[in-house]
Amino acid sequence: MTEWLTDPLQFEFMQRALLVAVVVGIVCAILSCWLTLLGWSLMGDAVSHAVLPGVVLSYVVGLPFAVGAFLFGAGSVGLIGGLNRTSRIKEDAAIGVVFTGLFALGLVLVSVIPSQTDLFHILFGNVLGVSDADIYQVVGLGLAVLVVLLALRRTLVLYAFDPVHAHAIGISPRRMEMLLLGSLAVTVIVALQAVGIVLVVAMLITPGATAYLLADRFDRMLAISIAVGVLSTVLGTYLSYHLDASTGGCIVCVLAALFVVTYLFSPRHGLLARRRPRPRSAIESTGPAARPVPGGRAR
Amino acid sequence: MTASAVIHADGVCVRYGETLALDGVDLRVDPGAVHGLIGMNGSGKSSLFKALMGLVALDAGTIRLFGADPAAARRAGRVSYTPQSEDVDWGFPVSVADVVLMGRYGHMGWRRKAGADDRRAVDAALERVELTALRDRQIGELSGGQKKRAFVARALAQGAELLFLDEPFAGVDKRSEQTITDVLRELAAAGRTIVVSTHDLIAVPRLCDRVTLINRRIVDTGAPDAMLVPERLAEAFGGFVPQEALVLHARAEVSA
């Protein structure tokens with residue numbers, strides 16, 4: 001067992017891969033708590049797909065891929081919000097139209113522009129082949145998001161729970177929304193390295209969703225989410241090495257397995273626990289709730 | 001009426017697309033009183049709330065809070081809002097004490113780290129609404145009335161001078177209704193201003209000093225017994241007199 005863990009570490013590429021895996025696991029897990037509570041999962045999916053043309057164009061122009069990815073990620077958020085405000089199209093349709101359009105543009109660009117970019121790596125990740133430049137980007141951007149989100153976490157929780165109260169005491173919900181959407185765009189860039197565009201959304205949703213089934217306090221949810229995120233990225237990277245299988249695939253399979261186990265066995269909110277009679281006060285507490293919607297109409 | 005009005009709205013119009021939700025609303029609310037806003041669903045009650053809170057853009061008119069720009073009053077932590085139950089995500093991972101502490105966020109630094117003052121304010125507010133024993137419960141594990149009390153405690157902890165409460169008695173048990181009424185009366189006696197939107201007419205006479213009837217425009221403003229009469233209510237409710245109004249009226253006749 002020890003060898004199973006230590007053997008791969010003699011290779012430099014595995015050390016780098018695990019460093020990236022840990023950073024990605026932590027940053028995605030933190031952001032995923034808010035995305036889960038705000039109901040922004042589809043937004044995470046949209047931003048992750050919309051960055052594709054940005055990544056391709058960055059390579060063409062010779063810029064760090066993070067630059068193009070951020071422009072297109074943030075641009076997609078703006079387009080979705082704009083479309084929602086200026087037409088009768090509902091938000092989920094706006095998201096669907098924008099991200100598929102941009103993703104398709106990316107596919108066309110990859111196929112017509114001769115470049116070193118390997119479409120397969122962008123789509124499915126290539127954590128075992130990260131370059132030095134990629135590592136600096138991932139670690140730098142990851143740390144920046146981590147520090148900002150943790151430092152402002154109480155204000156962000158207030159925004160997610162009750163944006164009207166935030167507004168009433170002079171905290172701009174709009175600014176908090178922009179901060180989270182900006183963090184989303186940066187986090188997508190960080191996570192691309194590990195799992196690729198197609199599976200980034202799993203890293204952005206599943207750790208938070210798993211933690212939400214286990215915790216009734218935000219700080220505990222955050223800690224559990226980080227544990228789930230790091231465990232799955234690290235274990236997934238090892239599995240990928242030993243099985244010689246897709247790294248992104250292994251990471252997300254571990255993540256999904258952790259979710260399923262939690263869904264079934266969570267002491268309070270798991271499927272099996274729910275079959276037992278619960279206190280009345282806990283049962284009456286469900287119901288639809290108004291939540292802030294990214295890029296939505298003015299509240 | 002006086003220059004010292006806490007709320008001073010003049011000719012406020014709010015439009016959603018083609019629909020005119022508020023049509024030239026003038027409203028003065030004086031300090032040290034509980035002011036009821038009464039109207040049926042779609043009367044513009046919640047639009048007026050949103051306009052006073054600065055949540056919707058005005059199509060026409062002006063709103064001053066404490067004689068100044070409403071944004072300044074919000075930034076100074078003078079305004080609080082207690083939401084309707086439907087607008088809250090009761091599964092959110094926060095405790096009762098966490099929710100009350102959010103009332104203090106305007107008094108804290110940018111990282112919102114609670115100090116001793118903040119904790120004392122939370123303890124006192126929880127004590128006042130009789131939720132101390134339930135402070136560590138997840139917010140959704142409370143009954144309807146306890147949930148409302150938790151949000152009233154948040155306004156108390158904030159020390160707000162102007163409190164907006166949206167349907168505070170909807171789905172609330174008698175004990176909670178009594179506690180909330182007592183707390184609001186105490187606050188009014190201490191010079192705070194409370195604005196309550198409600199369609200629960202039975203609770204109005206005990207709670208409110210003044211009542212405004214609204215039906216897209218202001219129908220009338222006055223003391224509760226002058227407003228809660230069938231003729232006035234029929235105007236506010238578009239010709240339909242709510243059952244509770246007849247009950248209230250009959251009670252007033254008997255006691256007179």
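Everything numeric in this text was worked out from a predicted model, so none of it was measured.

Undergrad: With reference to specific residues and values, describe the overall build of chain A.
TA: In terms of helices and strands, chain A carries 15 helices and 0 strands. For chain A, whose C-alpha radius of gyration is 20 Å, the value lies close to the compact-globule estimate of 19 Å for 299 residues. For chain A, buried positions account for 51% of its 299 residues. Counted over contacts in chain A with a minimum sequence separation of 6, partners at least 24 positions apart contribute 73%.

Undergrad: Describe the overall build of chain B, listing the residues and the values that go with them.
TA: The helix and strand inventory of chain B stands at 10 helices and 9 strands. By the compact-globule yardstick of 18 Å for 256 residues, chain B fits well, its C-alpha radius of gyration being 18 Å. Overall, chain B is about 50 × 40 × 35 Å in size when its C-alpha atoms are taken along their principal axes. Residues classed as buried in chain B amount to 48% of the 256 residues present. Pairs at least 24 apart in sequence give 67% of the contacts found in chain B among residues at least 6 apart.

Undergrad: Give a description of the pairing of strand β8 (residues 210-215) of chain B that names residues and reports values.
TA: Residue and element names in this part refer to chain B. Both strand β3 (residues 34-38) and β8 contribute to a ladder of 4 bridges, which runs parallel. Each residue of the ladder has a partner; that of I38, found in β8, is L213. When β8 meets strand β9 (residues 217-222), the two strands line up antiparallel, connected through 5 bridges. From the neighbouring strand, T212 faces β9, where its bridge partner is T221. Where β8 folds back onto β9 in an antiparallel hairpin, the turn is made up of 1 residue, including R216, whose phi is positive at roughly 70°.

Undergrad: Give me the lowdown on the sheet that holds strand β5 (residues 79-82) of chain B, citing residues and values where you can.
TA: One key point about sheets: their strands pair by backbone hydrogen bonds, in either a parallel or an antiparallel sense. Residues and elements named next belong to chain B. Taken together, the 6 strands give an open sheet; going across it, the order is β5-β6-β7-β3-β8-β9, and neighbouring strands pair in mixed fashion. The open sheet has two edge strands with one neighbour each: β5 and β9. Direction aside, the axes of adjacent strands within the sheet are offset by 15° on average. Along the sheet, helix α5 (residues 144-158) makes contact with β5 and β6 (162-166), crossing β5 at roughly 175°. Against the sheet, helix α6 (residues 174-189) makes contact with β3, β6 and β7 (193-198), and its axis sits at roughly 145° relative to β7, the strand it touches most.

Undergrad: Go over the interface of chain A and chain B, please, and point to the residues and values.
TA: Facing 28 residues of chain A, the contacting portion of chain B comprises 28 residues. Residues that form the side of chain A that touches chain B fall into these classes: 14 nonpolar, 8 polar and 6 charged.

Undergrad: Residues and numbers for the pairing of β6(B), please.
TA: All names here are of chain B. The element β6 is largely enclosed, with a buried count of 5 among its 5 residues. Here β6 shows two buried faces, one formed by L162, F164 and D166 and the other by L163 and L165. In terms of strand pairing, β5 meets β6 through 4 bridges, oriented parallel. By the bridge assignment, Y81 is partnered in β6 with F164. The pairing of β6 with β7 spans 5 bridges and is classified as parallel. Of the residues in β7, the one forming a bridge with L163 is I194. The β-α-β motif built from β6, the intervening α6 and the parallel element β7 has right-handed crossover chirality.

Undergrad: Before we move on, can you summarise the nonpolar core with the specific residues and values?
TA: Ranked by size, the top nonpolar core spans 176 residues in total, and within it A:V24, A:V51, A:A191, A:V200, B:V100 and B:A153 carry the most contacts. When residues in this core are grouped by element, the largest group, 24 residues, is from helix α11 (residues 173-212) of chain A. Not counting the four nearest positions on each side in its chain, A:V24 is found in contact with A:V190, A:A191, A:Q193, A:A194, A:M203 and A:T233.

Undergrad: Outline the sheet that holds strand β4 (residues 60-65) of chain B, listing residues and values.
TA: Residues and elements named next belong to chain B. Strand order in the open sheet made by the 3 strands is β2-β1-β4, with antiparallel pairing throughout. The open sheet has two free edges, formed respectively by β2 (19-29) and β4, since each of these has just one partner strand. If you compare each strand with its neighbour and ignore which way they point, the axes differ by 25° on average. The sheet contact formed by strand β1 (residues 7-16) and β2 spans 7 bridges and is antiparallel. Its bridge partner being in β2, V14 is matched across the sheet by L22. Packed on one face of the sheet, helix α1 (residues 45-53) meets β1, β2 and β4 and runs near 65° to β2.

Undergrad: Describe unusual backbone geometry, naming the residues involved and giving the relevant values.
TA: For A:D244, which is not glycine, the phi torsion reads 55° and is therefore positive. Phi at B:R112 is positive, roughly 60°, even though this residue is not glycine. Mapping B:R112 onto the fold places it in the loop between α3 (96-102) and α4 (116-128). When the 22 C-beta atoms within 10 Å are taken as the criterion, B:R112 is described as buried.

Undergrad: Account for the confidence of the model for chain A, naming residues and giving values.
TA: Per-residue confidence for chain A averages 88 on the pLDDT scale, and 91% of its residues sit at or above 70. The element-level mean pLDDT for chain A is lowest in helix α15 (residues 280-283) of chain A, coming to 45, with helix α9 (residues 153-161) of chain A highest at 97.

Undergrad: How would you sum up the confidence of the model for chain B? Please name residues and give values.
TA: Residues and elements named next belong to chain B. Averaged over every residue, the pLDDT of chain B is 91; the share at 70 or more is 95%. When pLDDT is averaged over each element of chain B, α3 comes out on top at 98 and helix α10 (residues 243-255) at the bottom at 69. Scored by ipTM, the complex comes to 0.92, with pTM at 0.90.

Undergrad: Describe helix α8 (residues 132-151) of chain A, naming the residues involved and giving the relevant values.
TA: Residues and elements named next belong to chain A. Spanning 20 residues, α8 covers 28 Å between terminal C-alpha atoms, matching the ideal 28 Å at 1.5 Å per step. Taken residue by residue, α8 has Q137, V138, G142, V145 and L149 as its buried positions. The buried residues of α8 occupy one face: seen down the axis, they fall within an arc of 110°. Facing away from the buried side of α8, by more than 90 degrees, are the exposed residues D132, A133, Y136, G140, V147 and L150.

Undergrad: Report on helix α6 (residues 91-112) of chain A, specifying residues and quantitative values.
TA: Residue and element names in this part refer to chain A. The terminal C-alpha atoms of α6, which comprises 22 residues, lie 32 Å apart, in line with the 32 Å expected from a rise of 1.5 Å per residue. Of the residues making up α6, those classed as buried are A94, I95, V98, F99, L102, F103, G106 and L109. One face of α6 carries all of its buried residues, which in axial projection span an arc of 140°. Among the exposed residues of α6, those oriented more than 90 degrees off its buried face are V108, S111 and V112. Residues of α6 that are buried in the fold lie against α3 (41-50), α4 (52-61) and α5 (65-86).

What counts, and where the lines are drawn
Residues numbered from 1 in each chain as written. Chains lettered and ligands numbered in written order. Predicted model: local features only at pLDDT ≥ 70, side-chain atom pairs only at ≥ 80, totals over all residues. Helix = DSSP H or I, 4+ residues; strand = E, 2+ residues; numbered from the N terminus. Rg over C-alpha atoms; globule rule 2.2 N^0.38 Å. Buried ≥ 20, exposed ≤ 12 C-beta atoms within 10 Å, placed from the backbone. Contact = placed C-beta atoms within 7 Å. Pairing = 2+ DSSP bridges. Axes fitted to C-alpha atoms, helices over the stretch in contact; angles between N-to-C directions. Nonpolar A, V, L, I, M, F, W, Y, C, P; charged D, E, K, R; others polar. Right-handed = clockwise from strand over helix to strand, strands pointing away. Core = buried A, V, L, I, M, F, W, Y, C linked by C-beta atoms within 7 Å. pLDDT = per-residue confidence, 0-100. Expected span 1.5 Å × (residues − 1). Arc of directions from axis to C-beta.

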